[in-house]
Amino acid sequence: MKKVDGLIRKALELSDQKERVKLYNDATKIIMDEAPYIFLYQTQTIIPMRKWVKGYVFNPMLESMYNFESISKE
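Residues numbered from 1 in each chain as written. Predicted model: local features only at pLDDT ≥ 70, side-chain atom pairs only at ≥ 80, totals over all residues. Heavy atoms only, no water.

Student: Before we go on, may I ask you to explain the nonpolar core in this structure?
Tutor: What tends to happen in soluble globular proteins is that the nonpolar side chains get buried as a cluster. Membership of the largest hydrophobic core is limited to six residues, which are V4, L7, A11, L23, A27 and I30. Only α1 (2–13) and α2 (17–33) provide two or more residues apiece to this core. In contact with L7, not counting residues within four places along its chain, are L23, D26, A27 and I30. (Core = buried A, V, L, I, M, F, W, Y, C linked by side-chain atoms within 4.5 Å. Buried < 20%, exposed > 50% of the residue type's maximum accessible area, 1.4 Å probe, protein only. Helix = DSSP H or I, 4+ residues; strand = E, 2+ residues; numbered from the N terminus. Contact = heavy atoms within 4.5 Å.)

Student: How do you make sense of the packing of α1 against α2 when you look at a structure like this?
Tutor: Packed helices, taken two at a time, are described by the angle between their axes plus the distance between the axes. Packing of α1 against α2 leaves a shortest axis separation of 9 Å and a crossing angle of 165°. In terms of orientation, α1 lies roughly antiparallel with respect to α2. Between α1 and α2 the crossing geometry is left-handed. Of the residues in α2, those in contact with K3, V4, L7, I8, K10, A11 and L12 of α1 are R20, L23, Y24, D26, A27, I30 and I31. Of the residues that constitute the contact of α1 with α2, the class distribution is 10 nonpolar, no polar and four charged. (Axes fitted to C-alpha atoms, helices over the stretch in contact; angles between N-to-C directions. Parallel < 35°, antiparallel > 145°, perpendicular 65-115°, else oblique. Left-handed = near helix turned anticlockwise from the far one by under 90°. Nonpolar A, V, L, I, M, F, W, Y, C, P; charged D, E, K, R; others polar.)

Student: Teacher, can you tell me more about the packing of aromatic side chains here?
Tutor: For any two aromatic rings, the description comes down to two numbers: the centre-to-centre distance and the angle of the planes. In total, this model carries two aromatic pairs according to the counting rule given. Consider the rings of Y56 and Y66, whose centres lie 6.3 Å apart with planes at 40°: the pair is tilted. Linking Y56 in the loop between β1 (53–54) and β2 (72–73) with Y66 in the loop between β1 and β2, this pair joins segments that are 10 residues apart in sequence. Classification of Y56 as partly exposed rests on a relative accessible area of 22%. When the ring of Y66 is compared with that of F68, the centres are 5.5 Å apart and the planes differ by 50°; the resulting orientation is tilted. On the basis of relative accessible area, Y66 is assigned to the partly exposed category, the value being 44%. Looking at K73, its charged tip hangs above the ring of W52, at a distance of 5.1 Å from the centre. (Phe/Tyr/Trp six-rings, centres within 6.5 Å; stacked < 30°, edge-to-face > 60°. Lys NZ or Arg CZ within 6 Å of the ring centre and 35° of its normal.)

In structure tokens:
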């Protein structure tokens with residue numbers, strides 16, 4: 001991934017938009033070619049919530065894990 005980081009850093013320094021797009025495309029190709037895994041699907045989750053519940057954050061990657069320390073009742 002060092003090569004990807006280098007391409008992105010170089011792209012950030014350029015003012016030539018065509019060259020920047022080329023570098024971002026090159027980085028994307030490397031990422032896709034070397035991807036260690038891919039997500040095949042993501043379940044659609046419906047979470048009923050009362051209006052007086054504040055601070056809840058849904059994270060689809062950590063289903064059934066809750067941020068209890070920041071949830072409060074208004």
